[in-house]
Amino acid sequence: MNTNWTHPLERQSVGKAFVSYLVPSILGMLVIAFNFIIDGIMVGHKLGSTALAGIGIASPVYTLFVAMSLWIGMGGATLYSTYMGKKDLTTARQLFTKSITIILLITMVIGYTAYSFRDKLVFTLGANTETFPFAADYMNIMLLFGFVFTIENALTIFVRNDGNPNTSMYAQITFAVANIVLNYITLYVLEWGVRGVAMGTIVSASLALLVLLTHFFRKNNNLKFTRFKWNTKLLASIALIGFPSFLAELGMSVFSISHNISLDRIAGTDGVASFTVLNYIHGVVLLAFLGLASAAQPLVSYYHGAKQMDREKQTIRLASRTALACGVLLLLVVQLGAPYFVQIFGNFSASVTDNAVYGLRIFTFAYLFMGINFVMSTYFQSVGNAKMAIWITAAREMIIMVALIAILPSFLGVTGVWLAVPLSELAVLVTIGMYYKKRAVSERINSLTIE
């Protein structure tokens, strides 16, 4: 244990530290998000709405790999920051090494196992005869080479938590720019179709990984690969603390699959295509909120480990207020600009366009609550309250949302599908308020008992 070592967070005010992480974190995430939108625009204009729907159907596979990298990556990085706050560099480095090793092994096993029954998997995800060729082309590349971007994604988290959010941002920018260039080449020059889009994603992740590796040459780098023993207790802690992040990404798969299946039943391929357009736009917002929560996580974990509770509370207040402000702004922008956002993805039929615009204007009310829910889930995860973090994530993306999407369309049709997420986000925020009210009452009773 090195008690003489001083972390940069010790020398900064909370506000300055939060901004120093917030700006590169959100910029990096937004660049990634706009990259996905440009992907959608290219595919929509070049290959049409059916190909776009096919990618949307196969996207849960990509999401699953990201979920695995976040599960172990966020769990390991959170503990890494906590032990850095305790000045225990040896344990922190062992956690880093274990996390990267586990992510590589797990994602390779999952990918190659799923590839052996790939055709059945595509239909299970909601493909029909029209969308199957496109969904299969995208999914198969992801299954074979997805381990590349899982390592890149996890290392991005660790580099940011090691006090270098700028390099994480540069890696994200590299990924986005390379992906746009490669997708243009594969779609418009080589005409490789959806398979080329998937290949571009893998190559771009490889280039971003090279950028992240430059962190290891910095003088203030604390990320070191070291020998370790398979400590069951630490592995369990990584899995438990990181589980909410896994659920959050897995919830995106549930979100996509449930909406695809419900809209296919109600509105057919046009309904699925309209949701895919909405999902591209929604992806920008999700990544922005994820960037916001990711900026708070290293600070909260470090302050919690260092037992600096006032700084911990100040960080979460700043993050929550920022999330609310962003939610209001996003709601206004999307309400006004929904028709224009949909049109940039291609010249679709009136059915696809009208349904996408209608869905966006209902769906975006979720953003008033979603950002705060993201921040609070990350907060509970960062301080080791996995139970509450798991509840927030599972309720908003699975339990309540799936119940609503199963029930509401029977009464409201397609409107019920679009309402499921806003109502689930609101319900979860109410439960967070109830949790704090109950905890405040409990603390008041305990203080009276002590007196």
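Residues numbered from 1 in each chain as written. Predicted model: local features only at pLDDT ≥ 70, side-chain atom pairs only at ≥ 80, totals over all residues. Heavy atoms only, no water.

### Observations concerning the pattern of salt bridges
- Tallying each qualifying case throughout the model produces four salt bridges.
- Between R396 and E397 there is a salt bridge, with its nearest N and O atoms 3.1 Å apart. Per residue, the accessibility class of R396 equals that of E397, and both read buried.
- Residue R396 is joined to E425 by a salt bridge in which the shortest nitrogen-to-oxygen separation is 2.7 Å. With R396 in helix α13 (residues 386-412) and E425 in helix α14 (residues 414-450), this residue pair connects regions lying 29 residues apart in the sequence. E425 shares its class with R396; the two are buried. (Salt bridge = Lys/Arg side-chain N within 4 Å of Asp/Glu carboxyl O. Buried < 20%, exposed > 50% of the residue type's maximum accessible area, 1.4 Å probe, protein only. Helix = DSSP H or I, 4+ residues; strand = E, 2+ residues; numbered from the N terminus.)

### So, a nonpolar patch on the surface
- Side chains of V177, V181, Y184, I185, Y188, V189, L190, W192 and M199 sit close together on the surface and give an oily, nonpolar patch of about 800 Å² of accessible area.
- In terms of residue count, helix α7 (residues 165-189) provides more of the nonpolar patch than any other element does, six residues in total.
- Topologically, Y188 is positioned in helix α7. (Patch = residues over 30% accessible without salt bridge, like charges linked within 9 Å, V, L, I, M, F, W, Y side chains within 5 Å. Areas by Shrake-Rupley, 256 points an atom, 1.4 Å probe, with all protein chains shown as cover.)

### Side note on unusual backbone geometry
- Unlike most non-glycine residues, K87 shows phi in positive territory, near 65°.
- Along the chain, K87 turns up in the loop between α2 (49-85) and α3 (89-115).
- A relative accessible area of 14% means that K87 is categorised as buried.
- Backbone geometry places K307, a non-glycine residue, at a positive phi of 60°.
- Judged by its relative accessible area of 69%, K307 falls in the exposed class.

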